[in-house]
Amino acid sequence: MIFKKTLLGVACVAAFSTNVAHADYPNRDIRVIVPAAAGGGTDAIVRKITNIAEESMPVSMYVENVAGGMTATGLLQLMQARPDGQTIAAITYDSIITIPWKEMLPGFNMDKMRMIARITREADAITVPEDSSYQTLDDFISAAKEESGSIRVGIQNMGARTHLTLLQLQDLTGAKFKIVSYDNSAATQKEALLNGEVDAVVTSLGDLAPLIESGQARGLVEFSDTQNEGFPNVPPVTETNTGLDLQMGSFITLVAPERTPDDVIEKLEKNYHTAYESDAFQQWLKKVGVTPAWLGSEGSY
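This section reports on the structure supplied with the text. (Residues numbered from 1 in each chain as written. Predicted model: local features only at pLDDT ≥ 70, side-chain atom pairs only at ≥ 80, totals over all residues. Heavy atoms only, no water.)

### Section: the packing of helix α2 (residues 41-54) against helix α10 (residues 279-288)
The contact between α2 and α10 brings their axes to 10 Å, and the two run at 165°. Taken together, α2 and α10 sit at an angle that is classed as roughly antiparallel. When the axes of α2 and α10 are compared, the crossing they make is right-handed. Between α2 and α10, the contacting residues are A44, I45, K48, I49 and I52 on the first element and A280, F281 and W284 on the second. In the contact of α2 with α10, the residues fall into seven nonpolar, no polar and one charged. (Axes fitted to C-alpha atoms, helices over the stretch in contact; angles between N-to-C directions. Helix = DSSP H or I, 4+ residues; strand = E, 2+ residues; numbered from the N terminus. Parallel < 35°, antiparallel > 145°, perpendicular 65-115°, else oblique. Left-handed = near helix turned anticlockwise from the far one by under 90°. Contact = heavy atoms within 4.5 Å. Nonpolar A, V, L, I, M, F, W, Y, C, P; charged D, E, K, R; others polar.)

Take a look at the structure:
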């Protein structure tokens, strides 16, 4: 009987402590995992909105880059973290589609996470150096047909979304490119484009916004059916002379480990939504050509 009472007492204390912890949340710094290298579009967007969100928090929120495995390395750390809201992460198209498809994390499924909110979506695009001879998508495709396999195009990992976008472009046009894979996301694509390793890259315009704004690169096309206000000189694919309607892209969604309490998710969602709606974030998104696309925790991926 004494043993049973002791167990009951421990359980009650644990439950009380948990409730208090939730009520006091957050009570220590929050780690925000970006499962990609520093310097890319995902990194920039998550850092920007988190810096704004931190202003309304009683603790610090720090972004940590955990690159590798098409976001798998970072996701694994998220799933191993305690479900207390002190560790959250950003996920992208590859997190939801590529990793399960390639079975990179055995036993992984979306039930291992809880959605906080989706914050942006971005179409893929083709970007070339400013001094490139290709002025339009039609120029680019025609050259690839004339010299099959001669045009070097940088993607983010074999089998990843950007690779699939390029493969679809090949299938639809009959053009053949020399595909060059970079494992560290848009950051290494930028370097490759600048130093002449590749003739073009496939990723979002937002990923390469600094290069485009500085005049070091220019977009040929965005694989979308609507004009990107941030990049008025880059046509959506449906407005080119190619007759193509290839639409492909990604998004950024913030998640927490499964079993993270509802009230913690609500606090995080509310705080990020305030940051999302701020003029500072909205104007910054417009400047870098990224589409705001809020979807709260009750939405679906």
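Having seen the structure, we can now continue with the description.
### Things to note about the nonpolar core
Of all hydrophobic cores here, the largest spans 47 residues; its most connected members are I30, V32, I88, I116, L268, Y272 and F281. For this core, the leading source of residues is helix α9 (residues 262-277), giving six residues. Setting aside residues up to four positions removed in sequence, I30 forms contacts with Y25, M57, V59, S60, M61, Y62, G85, Q86, I88 and L268. Membership of the second largest hydrophobic core comes to 23 residues, among which are L137, A144, A200 and L246. (Core = buried A, V, L, I, M, F, W, Y, C linked by side-chain atoms within 4.5 Å. Buried < 20%, exposed > 50% of the residue type's maximum accessible area, 1.4 Å probe, protein only.)

### Brief notes about unusual backbone geometry
With omega at -5°, the peptide bond leading from Y25 into P26 counts as cis. Along the chain, the position of P26 falls in the loop between α1 (2-24) and β1 (30-34). In this structure, N157 is a non-glycine residue whose phi angle is positive, near 75°. Summarising the element assignment, N157 is placed in the loop between β5 (152-156) and α6 (161-173). Classification of N157 as buried rests on a relative accessible area of 12%.

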